[in-house]
Amino acid sequence: MAKLFTRTRIIGYFFALMGALILFQMVRIQTNVNAQKMSESIEERYGTIVRTIYPERGNIYDRWGHLLAGNKDVYEIGIALNEVENPDTLATVLSSVLELNYGEVYEKANLEYIEGEQSYVVVADFVSAEKVNELSAQYEQFENDRTKAKNSDSVQSMRGLHFVGHLQRTYPENSLASNILGFYNYRDREASTGYYGVEEKYNELLAGNPVKITMPKDPTLMEEVPNVPPGSSLVLTIDREIQAMTERIIDEAVKNNGAESGTAIIMDPTNGEILAMAVTPRMNPNEYWDYGNVFTDNTPFNRALSETYEPGSVFKVITMAAALDSGTVTPQTQFVDTGSIYVGGYYIYNWDRGAWGPQDMTGCMQHSLNVCLSWIATEMGPTRFYNYLQAFGIGRRTNLDLAGEQIWPLSLPGDKDWYEVNLATNSFGQGVATTPIQMVMAISAVANNQGIMYAPHLLQAYIQDGKQYNTPPVAVGAPIGAETAKTLTDMLAVSLESESSVALVPGYRLAGKTGTGEIPSAGGYETDLTNTSFVGWGPVDDPKFLVYVWLEKPTSDRWGSTVAAPVFSDIVKELVVLLNLPPDDTRHQLTAQ
Amino acid sequence: MNHLFTQAYQQAPWRLQIQRIGGFLVALVAVVIVAGVYLFISAQTATAGLEIQTLERERESLNRTIADRRAKLAELTSAGVMSQRAADLGFIRPDMSTAIYMVIPGYQGRQPVMIAPPPSSDNLPSPIIKQSYRQSLWEWFFEGVLGSGNGGY
C-alpha cells in the first residue's frame, strides 16, 4: 500500500486544497449579496448610456457674412451631493462669484445624498466661461491648500462642484434686425424653439437633426461618437449697415413725428432681395423674456408683414399701372376734375375737397386726386380693375420667408362686403387693406421697369453639410408690361419733380408717391389720425432700390407728403452712399468711359 | 515475440514522463501567451477607448469654443461697436455730397459672401493612407533612405 503522506503527495494535497478554496471562493463571489451589489455597480459603471446629441444651431449671417445670430459657450453649474465635503465653502464661493443667495446655495449643497433619487443638484445655468474659470481657479487653490493643511476638518473644499458646458444662442448685434431674426428661447434647453422671424420660419433647418445614441460605458467597447452635423446656417439678403441706418432713421422719425409706430422696407426691385426691414418696436433677442414688456396690447412682432392697414394714395400706383397697362388711359389722357364724383350712391372727394380742373394723368398722380383715380377705376370697370389687383397680389400672401405674415382678403364684386363704391375707394387705397410687404411686392413690378413682380425674400443662401446653396430670385408674375412700368415710373418721377417734393434727393432721379390713409374705426373713419406712407424707387433709368415708409398715426402732421416723404429722402441720401451709387450724371459719365 | 518487439522500441518511462510534462508546459506557456496577449490588447483597447472619450469631450469643447470665439468676434465688430469706435477715432459718417466716385479697372465691386464652397465643388481627394504604407521596399530604399525622392512620411 502506497504511503498516504509522502512528500510529493503532501504537495499535491496542498495544491488540491488551494484549487478547492479558489473554486469555493468563485462560487461564493457569484452568490454573495455583496457580490450581487458589486455586479450591479459594475453594470452601472460599465453598462450603456443613452445620449441625445443636439447639433449646434445654425448661424445667421447678413449678406456680407456678418454674424447676426450665433452661439456662445456657457456652463451649467451643479453639485454632486456624494462628493461634497464642505457645503459652506461651496455656498460662500458660488454665491460670491455667481451672485447667488448664500442660503439657497448652502441648502442645495447640504442636501442629503440619496442614491438613485437625490444625487445631483443644479445651482446655476448659462454661466459664462469667465465665471467658470474663476471658479476653477478657486477650486485649484483649495486643493493646493489641502495638501499643505494638517487638520483635514478645517480644510476648505469645493469638491462636488461640476461644470457641464453647452451652447447658448446669442445675437451679437443685440436689437439690430431683431424683427427679422425673431428669437430662440434658449433657456428652455430641450424644449427650445425659434419664435418669430427667421428663427421660427427656418427653425427645422437651423436646428438640424438631434441624434440619439447608445454608448457603452466600458472603455474597451467604446465606439466613436457619430459626427452630428450642425444645423444649417443661413445667409440673409439683409445688409447690416443699411439695416442699422434704416432703423436709426425710422426711430428718429417715429420720435420726431409722435407716431405710434414706424416701418421702412428697402428692397432690390430687380430680384426681390430685402436689403433692410426696420420696424418699431424692437427688442433685444438676447433678453427674449422681455417680449411681453415690449410688445404690449397685441402689438405685432413685425408690422411690415403682420399688420394690415388701408395704405391710402400709395395704392394709386397700382391703379394707374392697371389703367395704363389695360389701355384705359394714356399719360396724356385728360380729365376735368370738378372736385367730386358720384359712384355707387356716394360722392367721392379729393383730399383737399377742391376741384383741380383739367389734368392729365401725371397731374392726377402729382396732385393725388381721388376723383380722377375713381373715374379711372370706373372706366376700367370692376372686372378688369380687380383682375389687375389680384395680379398684383393684393389680398394674397407674398410668402415672404418670415413667420407671421397676415393678409386682409380683397373684397370682390359679388362678395357680401363689396359695394359699388368700393371700386372708387379702392382705387385710392381706402376700403382695401394691405401689409407694407404686399405693397412693396406689387409696386416692385413698376419699379424694376420690367413689369415683373419678384417674390420678396430674405434668404440669400443656406449652408448645409459644408456647402453653400444660393437661392435664386423667384418671379411671381408679370401684372403689367415693361413699357407700362417705364411709362409710370417716368410719370411719377415728373410728378415728384414738378411739385418739388421733399422726397427728392439731389443728383438722383427718383420716382415716388405719397400716401395718406384714413383709419377705419367702428363708427366710420377717424378724423384726426392717419397712416402716412411713401413709396419711392430709383435711379429711374437703372433701378437699384425701392423704399417703402409707413408712419402710423403721426401727431406732428397728417399728410404723407410732409411726414413720410422726408423720411424716404433721409433714407435714400444715406442709402446711395452705402450702395456705392454715384449720382446719375457721374454714373453716366463713368459708364461712358 | 510481438511483445518483445514492441518493448524494444518503447520509450523509457522517465522519457514519457518528461514528454508529457513538456507537452503540458508547452500548452501552459501557449495559454499564458494567449492570455498575456489578450490582456495586453484589452489594456490597449481600454486605453484607446478612454482616449476616444477624452478626445470626443475635447472635440465638443473645441466646437463650443469655436462657436464662442465667432460670437465674441461678432460682438466686437458689431455695427454699433464699430460705429462707436469710428466716432471715437474721429471718423465721420460719409455724406453723399462728399463722396467721390471713380472707375477702378478690373474691380468687380463688392461680391456676395461665400461662407462655404458651392455644391458643385467636389472635395479634392486627399491621401488617407500615408505614403510610407504604400511604398514598396524598393521605393522606400531609393526614395526614403538614399534620399532620391521626397520621402513621404
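Per chain, residue numbering runs from 1 following the sequence as it is written. Both sets of labels track the order of writing: A upward for chains, 1 upward for ligands. Whole-chain, interface and lining totals are the exception, using all residues; otherwise, since this is a predicted model, local features are given only for residues with pLDDT of at least 70 and side-chain atom pairs are given and counted only at 80 or more.

A few points about the overall build of chain A
The helix and strand tally for chain A stands at 20 helices and 22 strands. Atoms counted for the radius of gyration: C-alpha only. Globule rule: 2.2 Å times residue count to the power 0.38. Against the globule reference of 25 Å for 593 residues, chain A gives a C-alpha radius of gyration of 36 Å, more extended than a compact globule. Along the first, second and third principal axes, the C-alpha atoms of chain A reach 145 × 60 × 55 Å. With C-beta atoms placed from the backbone, a residue counts as buried when 20 or more other C-beta atoms lie within 10 Å of its own, as exposed when 12 or fewer do, and as partly exposed for counts between those limits. Residues counted as buried form 46% of the 593 residues belonging to chain A. Contacts in chain A between residues far apart in sequence, at least 24 positions, make up 71% of those at least 6 positions apart. Numbering goes from the N terminus for both helices and strands, where a helix is a DSSP run of H or I of at least four residues and a strand is a run of E of at least two. Each residue is represented by a C-beta atom placed from its backbone, and any two residues with such atoms within 7 Å are regarded as in contact.

Points about the interface of chain B and chain A
Contacts between chain B and chain A engage 33 residues on the former and 40 residues on the latter. Element by element, the count of residues in the side of chain B that touches chain A is highest for helix α2 (residues 13-76) of chain B, at 18 residues. Here the nonpolar group is Ala, Val, Leu, Ile, Met, Phe, Trp, Tyr, Cys and Pro; Asp, Glu, Lys and Arg are the charged ones; every other residue, Gly included, is treated as polar. Considered class by class, the residues forming the side of chain B that touches chain A number 20 nonpolar, eight polar and five charged.

A look at the sheet that holds strand β21 (residues 524-538) of chain A
Residue and element names in this part refer to chain A. For two strands to pair, DSSP has to find at least two bridges joining them. Strand order in the open sheet formed by five strands is β11-β10-β22-β21-β20, with antiparallel pairing between adjacent strands. Edge positions in the open sheet fall to β11 (273-279) and β20 (511-521), since each of these has one partner strand only. With direction set aside, neighbouring strand axes in the sheet form an average angle of 15°. Sheet topology note: the β20/β21 ladder contains 10 bridges and is antiparallel. For A511, the partnering residue across the bridge sits in β21 and is W537. Note on definitions: angles span 0 to 180 degrees between N-to-C directions of axes, and those axes are lines fitted to C-alpha atoms, for helices only across the stretch in contact. The strands touched by helix α17 (residues 436-447) within the sheet are β10 (261-268), β21 and β22 (545-552), with β22 carrying the most contacts at an inclination of about 145°.

Observations regarding the nonpolar core
Note on terminology: a nonpolar core is a set of buried residues of type Ala, Val, Leu, Ile, Met, Phe, Trp, Tyr or Cys, with members joined through C-beta atoms within 7 Å. Counting residues in hydrophobic clusters, the biggest one holds 140 residues, and the most contacted among them are I265, I266, L510, V547, Y548, V549 and F568 of chain A. V74, I79, V93 and A109 of chain A belong to the second-largest nonpolar core, a separate cluster that totals 17 residues.

A few points about unusual backbone geometry
All names here are of chain A. The residue after T280, namely P281, is reached through a cis peptide bond having omega -5°. Within the secondary structure layout, P281 lies in the loop between β11 and α10 (291-294). With phi around 60°, N399 is a residue other than glycine that occupies positive phi space. Tracing the backbone through its elements, the reader meets N399 in the loop between α15 (382-391) and α16 (420-427). The partly exposed category is assigned to N399, around which 14 C-beta atoms lie within 10 Å. The backbone of N580 sits at a positive phi, close to 55°, despite the residue not being glycine. Looking at the element boundaries, N580 is found in the loop between α19 (560-578) and α20 (584-592). The exposed category is assigned to N580, around which 11 C-beta atoms lie within 10 Å.

Examining the packing of helix α14 (residues 370-380) of chain A against α16 of chain A
The geometry of a pair of packed helices is captured by two quantities: the angle between their axes and the separation between those axes. Residue and element names in this part refer to chain A. Contact pair α14 / α16: the axes reach a minimum separation of 7 Å and the direction vectors enclose 125°. Compared by their axis directions, α14 and α16 come out oblique. You can see that α14 and α16 cross each other, and the crossing is right-handed. When α14 is examined against α16, the residues L373, S374, I376, A377 and T378 are found in contact with a partner set consisting of L423, A424 and S427. Split into classes, the residues belonging to the contact of α14 with α16 amount to five nonpolar, three polar and no charged. For this classification, under 35 degrees means roughly parallel, over 145 means roughly antiparallel, 65 to 115 means roughly perpendicular, and everything else is oblique. In this scheme the handedness of a crossing depends on how the near helix is turned from the far one: anticlockwise by less than a right angle means left-handed, clockwise means right-handed.

Here's the deal with the environment of I22 of chain A
Mapped onto the fold, I22 of chain A is located in helix α1 (residues 7-31). On a C-alpha basis, the gap between I22 of chain A and T532 of chain A in space is 96 Å, while along the polypeptide they are 510 residues apart.

Focus on the environment of T319 of chain A
Residues and elements named next belong to chain A. With respect to the secondary-structure elements, T319 resides in helix α12 (residues 316-326). A count of 26 C-beta atoms within 10 Å places T319 in the buried class. Separated by 87 residues in sequence, T319 and Q406 place their C-alpha atoms 22 Å apart. Not counting residues up to four positions away in its chain, the partners in contact with T319 are L373, I376, A377 and S427.

A word on the pairing of β11 of chain A
By the criterion of burial, β11 of chain A is predominantly enclosed, with seven of the seven residues buried. Adjacent in sequence and paired antiparallel, β10 of chain A and β11 of chain A are bridged by four residues, among which G272 of chain A carries a positive phi angle near 85°.

Describing the confidence of the model for chain B
All names here are of chain B. A residue-level look at chain B finds 78% of positions with pLDDT of 70 or above and a mean pLDDT of 81. Confidence scores differ between elements of chain B, with helix α1 (residues 2-9) showing the lowest mean pLDDT of 59 and helix α3 (residues 79-88) the highest of 94. Values of pLDDT, ranging from 0 to 100, describe the predictor's confidence in every residue of the model. Predicted confidence for residues 149-153 stays below pLDDT 50, and this span has 10 contacts to residues more than four positions away or in other chains. Across the assembled chains, the prediction reports ipTM 0.80 with pTM 0.84.

Some details on the domain arrangement of chain A
For every domain, the bounds stem from an assignment made automatically or drawn from a database. Per the domain assignment, the segments of chain A are domain 1 (73-172) and domain 2 (240-592). Once you take the C-alpha centre of each, domain 1 of chain A and domain 2 of chain A turn out to be 58 Å apart.

Points about helix α4 (residues 102-109) of chain A
Residue and element names in this part refer to chain A. Among all positions in α4, only V105, K108 and A109 are buried. Taken end-on, α4 shows its buried residues confined to a sector of 95°, consistent with a single buried face. Looking at the packing, one finds that the buried side of α4 touches β3 (67-80), α3 (87-97) and β4 (120-128). Each direction from the helix axis to a C-beta atom contributes to the arc, which is the arc of those directions.

Overview of α14 of chain A
All names here are of chain A. Among the 11 residues in α14, 10 count as buried, and that is most of the element. Of all the positions in α14, only N370, V371, C372, L373, S374, W375, I376, A377, T378 and M380 are classed as buried. A positive phi of about 85° marks G381, the residue just after α14.

Focus: the environment of A244 of chain A
Relative to the assigned elements, A244 of chain A resides in helix α9 (residues 240-257). Residues A244 of chain A and T296 of chain A lie 52 residues apart in sequence; the distance between their C-alpha atoms is 24 Å.

Some details on the packing of α9 of chain A against α19 of chain A
Residues and elements named next belong to chain A. Put simply, α9 and α19 touch, their axes get as near as 10 Å, and they point 160° apart. By the angle class used here, α9 and α19 are roughly antiparallel. Crossing hand, α9 versus α19: right-handed. Seen from α9, the contacting residues are E241, I242, M245, T246, I249, I250, A253 and N257; seen from α19, they are V563, V567, D570, I571, E574, L575 and L578. A class-by-class count of the residues in the contact of α9 with α19 yields 10 nonpolar, two polar and three charged.

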